[in-house]
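# An overview of the molecular structure
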Amino acid sequence: MRLVKAILLRLLFGALSLLFISFVTFVAGEFAPGDPATILGGEKASLATIQQIRHNLGLDMPWPSRYVRFLDHALHGDFGVSYYSTHEPVRDILARTIPLTLKMATEAIILASAIGILFGAIAAIYQRKFADKSILTLSTLGVTTPNFVLVPILVYIFCLRMDRLPITWTNPLVAPEIFYFILPVTILSARPAALITRLTRASMIDTLDQEFIRTAVAKGVPRGRLLIRHALRNAILPVITTIGTSFGFLLTGSFVLERAFLMPGLGSTVIEAIQQIDMPVVQAGVLVTGAMFIFLNLLVDILLPILDPRIRESQV
Amino acid sequence: MSRVFGMLKGKDPLYIFGVIVLVVLLLGAIIGPTLRTAAVHPSGQPSFTSIYDPVGTPHLDPGGKYILGTDEQGRDVLARLAAGARVSIMVGLIVEAIALSVGILVGVLGVFAPKWISMILMRFTDGMFAFPDILLAVLIIGTIKPRKEWGLLGSLFPVIVALSITAWPSIARLVKGQIATLKDREFVVGAKASGASTFYLVTRHILPQLIGLLLAVSMIDIAGTILAESTLSFLGIGVQPPEPSWGSMINSARQDMSSHPVALVWPCLTLSLTIFALNFVGDGLRSHFDPKSTK
């Protein structure tokens, strides 16, 4: 019963966060330079046409009703049309660009979790030994080195010197798609991999120090089984939260990599939209990414007490 | 001077390294642009146009008059690095000052203000965490246009506003947490019992306790701000050309990396060193002021 109440509270908080994000996005649209009706109508539009567009967009309503309208449309996946080029519906732009960004972020988080948990566990097992120290140093570098510094370094090595990987996305692709993903995904995973490594290490060291491990050792559990089944299984639970939040940040982290590798994802589309003051695209991109971020955090918060009885017990 | 070096004695070598990098960087940002522009300008006088305008042939190799060579437009790389440092440090310090003021104010109000005010403030702070940082910054930059008439500060205006708004919530949360525990400590309760006003308590007893911690956190926050500014500039929506920024320098050097890879080294190296140094100094300060925190 307490668990259900906690989950309901979390859901309520998630809904409020979404409302908050949508409101901020709406306000940003209000403050954006330029009048949507004039931009959409084009330079030669007559005053009457502009008035008509203004009315169709609901711009003649007071702002609270405009916000309700904005919310209503957004819930139905309608974000209006892009101000530029072909007035393409923003919904189509999203449908075209989101899969690539999601794919990149998913691959990166899987890679980061695998690397992070493996190296974190190794570092904890060989605590204060050479392996631990080198892993810690590497993870410090991984956390602090900016992505866009890694980009030129790796591109120089793998694309220009060794000529093994494509430098940027091309249309159409001339090699299997996976080759285009290798560098961006690797670079994107660097920071979360480093964070997960540190956290796994800390959590594993804590776990290895606990009494049930000592009991297991005394009862003669084989070392490999002890480390994986007894220690790592317990140590990994707090790591799950970080994996969830990292995934959210990867969605925005991919902005840089999509730009650097000219990949046609959501990130590069939003950046372009900002440079052209194409507000509907910016709003939709921000809203969708923010919603995914909130949803993931929600999922982790709900999943964790189900996976870990200790948290379930301590829940309010 | 010997006292300054005495302070460094027995400290973590990484901390000392960080302090040295920061001092060099600060000097470079203050006098670098003047020195360099005087060295490369035909008239021998410092002239800021040589940060923006070509002074030599494009893509000169490092060495000789231009020490680090020239960029794709024939501008002195070292002068632009120094001017970029000026931009980064300015953005970092201004944003941190705003974030600290707002964060401390909200944190203090979160504990001492009437329930309904603190409630609204803290929920608002929580709401800010619902946004991934870069995303919010991107949204804000989309809404604010640079103020060309305000000079350098005006062209940095959108970036500064965006990064300030994303930076204050974590400080507010930290300050609130610290104050919530500090306010029940004996010395605060004692001062309160002897009739001190809340304002006096906060400014004379509580906040001075937090200076060390906030200084350490600021270093790491400034590193984050400088990184965010470079990221935005790299993406082309941060500091606008011709104003130099390390992020946009990396981006433009990247375009010619197949023929002139060396040009990439300098901005990447400067930026990474700066971020490392700020983090090392922040960690060093934290372990100095907060003995309980272990690595």
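Everything numeric in this text was worked out from a predicted model, so none of it was measured.

### Overview of the overall build of chain B
Of the regular secondary structure elements, chain B holds 11 helices and zero strands. Of the contacts made within chain B by residues no fewer than 6 positions apart, 64% connect residues no fewer than 24 positions apart.

### Description of the overall build of chain A
Of the regular secondary structure elements, chain A holds 13 helices and zero strands. When the helices and strands of chain A are read in sequence order from the N terminus, they spell out α-α-α-α-α-α-α-α-α-α-α-α-α. Across its three principal directions, the C-alpha atoms of chain A cover 85 × 60 × 30 Å. Considering only residue pairs separated by 6 or more positions, chain A has 72% of its internal contacts joining residues 24 or more positions apart. Surface exposure of chain A reaches about 16500 Å², of which carbon and sulfur atoms provide 67%. Placing the 27 positive and 21 negative side-chain charges of chain A at their respective mean positions leaves the two points 13 Å apart.

### Side note on a nonpolar patch on the surface
Residues and elements named next belong to chain B. Together, Phe-17, Val-262, Val-265, Leu-269 and Leu-273 make up a nonpolar patch on the protein surface, roughly 370 Å² of accessible area in all. For the nonpolar patch, the leading source of residues is helix H11 (residues 262-289), giving four residues. Its location among the elements puts Leu-273 in helix H11. On the basis of relative accessible area, Leu-273 is assigned to the partly exposed category, the value being 31%.

### Focus: the interface of chain A and chain B
Accessible area lost upon the coming together of the parts is a frequently used measure of interface size. Listed by partner, the interface residues are 40 residues for chain A and 38 residues for chain B. In this assembly, chain A packs against chain B so that about 3300 Å² is buried in total across both faces, 84% of it on carbon and sulfur atoms. Of all residues in chain A, A:Phe20, A:Phe148 and A:Ile274 bury the most surface against chain B, accounting for 20% of the area lost on that side. Our enumeration of links across chain A and chain B arrives at zero salt bridges. Here chain A is connected to chain B by two residue pairs in polar contact (both at pLDDT 80 or more). Elements with a contribution of two residues or more to the side of chain A that touches chain B: helix H1 (2-31), helix H6 (130-144), helix H7 (147-161), helix H10 (223-260), helix H11 (266-275) and helix H12 (279-307) of chain A. With nine residues, the top contributor of residues to the side of chain A that touches chain B is H1(A).

### Description of the side chain of B:Thr231
Assignment of secondary structure puts B:Thr231 in helix H9 (residues 198-235). A relative accessible area of 11% means that B:Thr231 is categorised as buried. B:Thr231 has contacts with A:Phe148, A:Val256 and B:Ile134, leaving out every residue within four places of it along the chain.

### Side note on the packing of helix H9 (residues 211-218) of chain A against H10(A)
All names here are of chain A. The contact between H9 and H10 brings their axes to 11 Å, and the two run at 170°. On the basis of their axis angle, the class for H9 and H10 is roughly antiparallel. Note on element contacts: H10 touches H9 through Leu-226, His-230, Ala-231 and Asn-234, opposite Phe-212, Ile-213, Ala-216 and Val-217. Considering only residue class, the contact of H9 with H10 consists of six nonpolar, two polar and no charged.

### Points about H1(A)
When the terminal C-alpha atoms of H1(A) are compared, their 43 Å separation across 30 residues agrees well with the 44 Å that a helix rising 1.5 Å per residue should span. Along H1(A), the positions that sit buried rather than exposed are A:Ala6, A:Ile7, A:Gly14, A:Ser17, A:Phe20, A:Ile21, A:Ser22, A:Thr25, A:Phe26 and A:Ala28.

### Concerning helix H5 (residues 90-125) of chain A
For H5(A), built from 36 residues, the straight-helix expectation of 52 Å at 1.5 Å per residue is met to within 8% by its first-to-last C-alpha distance of 51 Å. By the largest-angle criterion, A:Thr97 marks the main kink of H5(A), which is about 35°, and a proline, A:Pro99, follows within four residues.

### Some words on unusual backbone geometry
Residues and elements named next belong to chain A. A positive phi angle, near 65°, is found at Arg-128, a position not held by glycine. Structurally, Arg-128 is set in the loop between H5 and H6. What makes Arg-128 exposed here is its relative accessible area of 63%. Backbone geometry places Leu-262, a non-glycine residue, at a positive phi of 55°. Its location among the elements puts Leu-262 in the loop between H10 and H11.

### Observations concerning the environment of B:Val265
Residues and elements named next belong to chain B. One can find Val-265 in helix H11. Classification of Val-265 as partly exposed rests on a relative accessible area of 37%. Between the C-alpha atom of Val-265 and that of Ile-250, which follows or precedes it by 15 residues, the distance is 8.6 Å.

### Notes on the confidence of the model for chain B
Residue and element names in this part refer to chain B. Taken as a whole, chain B shows an average pLDDT of 80; of its residues, 81% reach a score of 70 or greater. Taking the mean pLDDT of every element in chain B, the minimum, 56, falls on helix H1 (residues 2-8) and the maximum, 88, on helix H4 (residues 77-112). Quick note on the complex model: pTM equals 0.83, ipTM equals 0.78.

### What about the confidence of the model for chain A?
Here chain A averages 82 in pLDDT, and 97% of its residues register 70 or above. Mean pLDDT values over the elements of chain A span from 69, in helix H13 (residues 309-314) of chain A, up to 89, in H5(A).

### Here's the deal with the pattern of salt bridges
As enumerated under the stated definition, the model contains four salt bridges over all chains in all. Beyond isolated ion pairs, a larger network of salt bridges with shared partners links B:Arg123, B:Asp126 and B:Arg173.

### Details of the environment of B:Gly107
Residues and elements named next belong to chain B. Checked against the element boundaries, Gly-107 lands in helix H4. Owing to a relative accessible area of 0%, Gly-107 belongs among the buried residues under this scheme. In the structure, Gly-107 is positioned 61 residues away from Trp-168 in sequence and 9.9 Å away in space, judged by C-alpha atoms. Excluding anything up to four places from it in sequence, Gly-107 contacts Ala-172, Val-175 and Lys-176.

### Section: the packing of H1(A) against helix H4 (residues 63-75) of chain A
Residues and elements named next belong to chain A. At a minimum axis separation of 10 Å, H1 and H4 run at an interaxial angle of 120°. With respect to each other, H1 and H4 are oriented oblique. Crossing of H1 over H4 shows right-handed handedness. Across the interface between the two elements, Leu-19, Ser-22, Phe-23, Thr-25, Phe-26 and Glu-30 from H1 touch Trp-63, Arg-66, Tyr-67, Phe-70 and Leu-71 from H4. Residues belonging to the contact of H1 with H4 are distributed by class as follows: seven nonpolar, two polar and two charged.

### Examining the environment of A:Phe255
Considering the arrangement of structural elements, one finds A:Phe255 in helix H10. Residues A:Phe255 and A:Thr269, 14 residues apart in the sequence, show an inter-C-alpha distance of 8.9 Å. Setting aside anything within four residues of it in sequence, one finds A:Phe255 in contact with A:Gly267, A:Val270, A:Ile271, B:Leu135, B:Val138 and B:Leu235.

The rules behind these values
- Residues numbered from 1 in each chain as written.
- Chains lettered and ligands numbered in written order.
- Predicted model: local features only at pLDDT ≥ 70, side-chain atom pairs only at ≥ 80, totals over all residues.
- Heavy atoms only, no water.
- Helix = DSSP H or I, 4+ residues; strand = E, 2+ residues; numbered from the N terminus.
- Contact = heavy atoms within 4.5 Å.
- Areas by Shrake-Rupley, 256 points an atom, 1.4 Å probe, with all protein chains shown as cover.
- Lys, Arg positive; Asp, Glu negative; His and termini not counted.
- Charge placed at Lys NZ, Arg CZ, Asp CG, Glu CD.
- Patch = residues over 30% accessible without salt bridge, like charges linked within 9 Å, V, L, I, M, F, W, Y side chains within 5 Å.
- Salt bridge = Lys/Arg side-chain N within 4 Å of Asp/Glu carboxyl O.
- Buried < 20%, exposed > 50% of the residue type's maximum accessible area, 1.4 Å probe, protein only.
- Buried area = accessible area lost by both parts, 1.4 Å probe.
- Polar contact = N/O pair within 3.5 Å; in protein donor to acceptor, adjacent residues only side chain to side chain.
- Axes fitted to C-alpha atoms, helices over the stretch in contact; angles between N-to-C directions.
- Parallel < 35°, antiparallel > 145°, perpendicular 65-115°, else oblique.
- Nonpolar A, V, L, I, M, F, W, Y, C, P; charged D, E, K, R; others polar.
- Expected span 1.5 Å × (residues − 1).
- Bend = angle between axes of the 7 residues up to and from the residue.
- pLDDT = per-residue confidence, 0-100.
- Left-handed = near helix turned anticlockwise from the far one by under 90°.

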